[in-house]
Amino acid sequence: MEPITMNIPVLALRGLTVFPNMNMTFDVERNISIAALERAMEMEQDIFLVAQREISVTAPGEKDLYQVGTVSHINQILRLSPTSVRVMVEGRFRARIHRLWQTEPFLQANVEQLQEQEVSEAFQHSPRTEALLRQTWNLFSEYAGLAGNLPEEMVTTVMDTRDVGYLADFIVQNIALHYTDKQEILEETAPYIRLRKLNHFLARECNVLGYEHELEGKVRSQLSQSQREQILRTQINVLQNELGDDEDSEIDEYRRGIEELHLEDETEKHLMKEVNKLAKQPFGSAEASVIRNYLDVCLEMPWNTTTKERVSVDAARRVLEHDHFGLEKVKERILETIAVRQMNPEGKGQIICLVGPPGVGKTSIAISVANALNRKLARLSLGGVRDEADIRGHRKTYIGAMPGRIIDALRRCGSMNPLMLLDEIDKLGNDQRGDPASALLEVLDSEQNSSFRDHFMEIPVDLSKVMFITTANTTDTIPRPLLDRMEVIQLSSYTDEEKVQIARRHLLAKQMEAHGVPKGAMRVSDDVLRVIISDYTRESGVRQLERRIAALCRKTDMALLKDKVKRVTVTVKELPKFLDCQPMPPALHTENEEIGVVNGLAWTEVGGEILEVEVNVMEGSGKLELTGNLGDVMKESAQTALSCMRSRAAVLGIPEDFYKTKDIHVHFPEGAVPKDGPSAGIAVSTAMLSALTGRKIKAHIAMTGEVTLRGRVLPIGGLKEKTMAALRNGITTVIIPKDNVCDLEEIDQTVRAGLRFVPVSTVDEVFAEALCPAAAVKREELSVAAFAPVARENSSDAALRQ
């Protein structure tokens, strides 16, 4: 008989095998498989179902498929979703792939029908066949008993079937065998051999199921033993309670500890409930460990423990004066807070926020306040904290759960009325884990922090007795709702004279002791300290100054040991050798009368700086060029100054069409340093007028102020730091906005005595004060003076702010 060949679509099966004369339902999701089904339905063809060798292959080729499969008829297709269908098929006969000639958009192949070996009537009724059938029935009965989940109809069908080939196909299709074993049965065309292979697989599966039942029995036995031990332990506990022999038990220790704390009813009831829950837990329970950890944390809290507060303004004043020099307004504000507590001990305390540049003593002031009030100090560094759970804690059911930093700080300091220092509150972050700044809103609100609830503890904790002091370098990054809850105290930069006194009174002795320098073995005069401060440091605080003094101490140690001297005297001349560095170059500023060059004043995070402004005027078409790494606000300020010049051209004596015939280039030197803010407005205006008229600008003069289109001069910030920078760089006259006159009271007396302040309200007053008389300048000097190179060195390393 000639073998039948046909050209039909192919569906590759993953982990499945279909047998002839068997019905099967399965889901299809791959596009090539769905396309093959649709093609077969359209053409009213059968489809060739064949298993893949590897399930993970998504785009199978001929080498990825077994050679033998089943030609099947599609009975029904049900679309489950746009990307999947459920198909019901009926196997017809075995077939072998002759050639897979198409892979896109679906698989299609020439397949050849496999002829099954015929079994004679005599062989079907032979003793050998009968023995094989009985073996199969016995093995299947044993398998069904062990598996326990086979339907009765299936068992009945097996027992009533005497067709060797059909019996093998039916059983292998309906039992849990690996698809490679099923494929081996499918590829066998001899019915007798096929059934023998099936018996081999059934015997193996019976052995595996037997081992599984044996292991399951052992597990059950162990569980029964554990339950028996639990029952016995419960009985022992009952007997101990009856005999009164439970004084030292863990549960009673927890109960006694809770009762001795005399907590509020809500808190005590909650903790007792947790203790009762612990008593019901079986031995070795994971939940029991969670409850024990929770109870231990709660009992470690200093619920009714407080330190006796020493509320005395005089004592606090002595401590602050001893620990800090200067900062008079800050000390006075802190003493006022202490005075309020002295007059009203039961009043709700304010939350203080100390804001200032690095190194000015914010943290040390908080420590001094704690010492003055005799409160324990709990310091929390909030810099870089991004998780809300750091503040409020984790739920106690989580693995590794712990309370938040606030509760943990109370546990560590052992008091309910400590001074809690929240350092670097302006550097809080936030991400997908929550916003810690929002979690602090309740903590820092004196109206509601008397019942703060940590996620771990789940019971109210009274924070109203805690005195909170926070520190920050700037308020710009603190959320407004959080800032609104705090009393902000500004700490400004130290003056040079204040730094000298701080070094003399505190830093020298501290560093000499830290480096083992004997008292009197190192002499440092005030003049040397002033030179170190002015030429070797550039900061608002004293940290860099302290490092320079530490360098002097190290050199002194070397000299005492190596040169065998008894005393080392540090002189100004030898400072580069002692400090291993050269003096910092002076700030870039003009010291001569020049055209188009003005000394502006800038505020930076490390103090004030001189900011030079240069303007050149050239023949052109009216372009305004702004350079020097400027921010948007500073660029707008320069454009405002130019518009002011244009509107006042006739009054100022400059050609009214200069904006058409002249190009103006405004440059702020030190282009690598970002600059921004409006306070250079009058400096830009003055430089522009000087360059346009050829009038020189007076020497040793600096200015700061915002300019408007109508020529008004508006107030600015950072005046104290700016004036200190002016005095340090040899400036004698400073032009300031008239509205800033009230700020002169905050400026150090040394600075006020060394500078002449000129308050102005319009740019006309600025020009009258800053520009040399017109008769003193020759027009032919303009081109030379405007472009004359001035030898200066780059110095500033901070950004300009208003």
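Preceding this section is the structure that the text describes.
Structural notes, computed from the coordinates. (Residues numbered from 1 in each chain as written. Predicted model: local features only at pLDDT ≥ 70, side-chain atom pairs only at ≥ 80, totals over all residues. Heavy atoms only, no water.)

1. Description of the overall build of the protein chain
Along its length, the protein chain carries 29 helices and 24 strands. Computed over C-alpha atoms, the radius of gyration of the protein chain comes to 45 Å, more than 25% over the 28 Å expected from 2.2 N^0.38 for 802 residues, which places it beyond the range of a compact globule. Taking the principal axes of the C-alpha coordinates as reference, the protein chain spans close to 140 × 95 × 60 Å. Expressed as a percentage of its 802 residues, the buried residues of the protein chain come to 48%. A separation of at least 24 residues holds for 73% of the contacts in the protein chain among residues at least 6 apart in sequence. The averaged location of the 119 negative side-chain charges in the protein chain is 6 Å from the averaged location of its 97 positive side-chain charges. (Helix = DSSP H or I, 4+ residues; strand = E, 2+ residues; numbered from the N terminus. Rg over C-alpha atoms; globule rule 2.2 N^0.38 Å. Buried < 20%, exposed > 50% of the residue type's maximum accessible area, 1.4 Å probe, protein only. Contact = heavy atoms within 4.5 Å. Lys, Arg positive; Asp, Glu negative; His and termini not counted. Charge placed at Lys NZ, Arg CZ, Asp CG, Glu CD.)

2. What to know about the sheet that holds strand β8 (residues 377–381)
Taken in spatial order, the 5 strands line up as β8-β9-β12-β7-β13 in an open sheet, and their pairing is parallel. Looking at strand neighbours, the two that pair on one side only are β8 and β13 (487–490), the edges of this open sheet. Between one strand axis and the next, the sheet turns by 20 degrees as a mean value, whatever way the strands run. Bridge count between strand β9 (residues 419–423) and strand β12 (residues 467–472): 4 bridges; the pairing is parallel. In the strand pairing of β12, M420 is matched with F468. Strands in contact with helix α12 (residues 328–343) are β7 (352–355), β12 and β13; relative to β13, the strand with the most contacts, it is inclined by about 150 degrees. In the packing of helix α15 (residues 405–413) onto the sheet, contacts are made with β8 and β9, and the angle to β8 comes to roughly 150 degrees. (Pairing = 2+ DSSP bridges. Axes fitted to C-alpha atoms, helices over the stretch in contact; angles between N-to-C directions.)

3. Overview of α15
Taken as a whole, α15 has its buried residues at I406, I407, A409, L410 and C413. All buried residues of α15 lie within an arc of 160 degrees about the axis, which places them on one face of the element. Residues of α15 that are buried make contact with β8, α14 (389–392), β9, α16 (436–443), β10 (452–453) and β11 (460–461). Remark: G414 follows α15 within two positions and exhibits a positive phi of approximately 70 degrees. (Arc of directions from axis to C-beta.)

4. Here's the deal with the side chain of T161
Here T161 shows up in the loop between α4 (152–160) and α5 (164–174). Sequence-distant contacts of T161, defined by excluding residues within four places in its chain, comprise W137, Y166 and L167.

5. Some remarks on the packing of helix α11 (residues 313–323) against helix α13 (residues 362–373)
Here α11 crosses α13 at 145 degrees, and the two axes come no closer than 9 Å. Two packed elements cross with a definite hand, and for α11 against α13 that hand is right-handed. Packed against α11, whose contacting residues are A316, V319, L320 and D323, the element α13 presents S368, V369 and A372 at the interface. Of the residues in the contact of α11 with α13, the class split is 5 nonpolar, 1 polar and 1 charged. (Left-handed = near helix turned anticlockwise from the far one by under 90°. Nonpolar A, V, L, I, M, F, W, Y, C, P; charged D, E, K, R; others polar.)

6. Quick look at the pairing of β9
The element β9 is largely enclosed, with a buried count of 5 among its 5 residues. Where burial is concerned, the two faces of β9 agree: the one with L419, L421 and D423 and the one with M420 and L422 are both buried. Bridge count for β8 against β9 is 5 bridges, and the pairing is parallel. Counterpart to L380 in the pairing with β9 is L422.

7. Some points on the side chain of T640
On the secondary structure map, T640 appears in helix α22 (residues 632–647). A polar atom in the side chain of T640 sits 2.8 Å from the backbone oxygen of E636. Contacts of T640, omitting those with residues within four sequence positions, involve V707, T708 and L709. (Polar contact = N/O pair within 3.5 Å; in protein donor to acceptor, adjacent residues only side chain to side chain.)

8. Here we look at the packing of aromatic side chains
Taken as a whole and assessed by the stated rule, the structure comprises 3 aromatic pairs. Consider the rings of Y166 and F170, whose centres lie 6.0 Å apart with planes at 25 degrees: the pair is stacked. Placement of the pair is Y166 and F170 together in helix α5, with a separation of 4 residues, close to one helical turn. For Y166, a relative accessible area of 29% puts it in the partly exposed group. A relative accessible area of 12% places F170 in the buried class. Here the aromatic rings of Y294 and F456 are separated by 5.8 Å at their centres, their planes lie at 55 degrees, and the arrangement is tilted. With a gap of 162 residues between them, Y294 in helix α10 (residues 286–300) and F456 in the loop between β10 and β11 connect regions that are remote in the sequence. Residues Y294 and F456 agree in their burial class; the two are buried. Above the face of the Y659 ring, R646 is positioned so that its terminal group lies 3.7 Å from the ring centre. (Phe/Tyr/Trp six-rings, centres within 6.5 Å; stacked < 30°, edge-to-face > 60°. Lys NZ or Arg CZ within 6 Å of the ring centre and 35° of its normal.)

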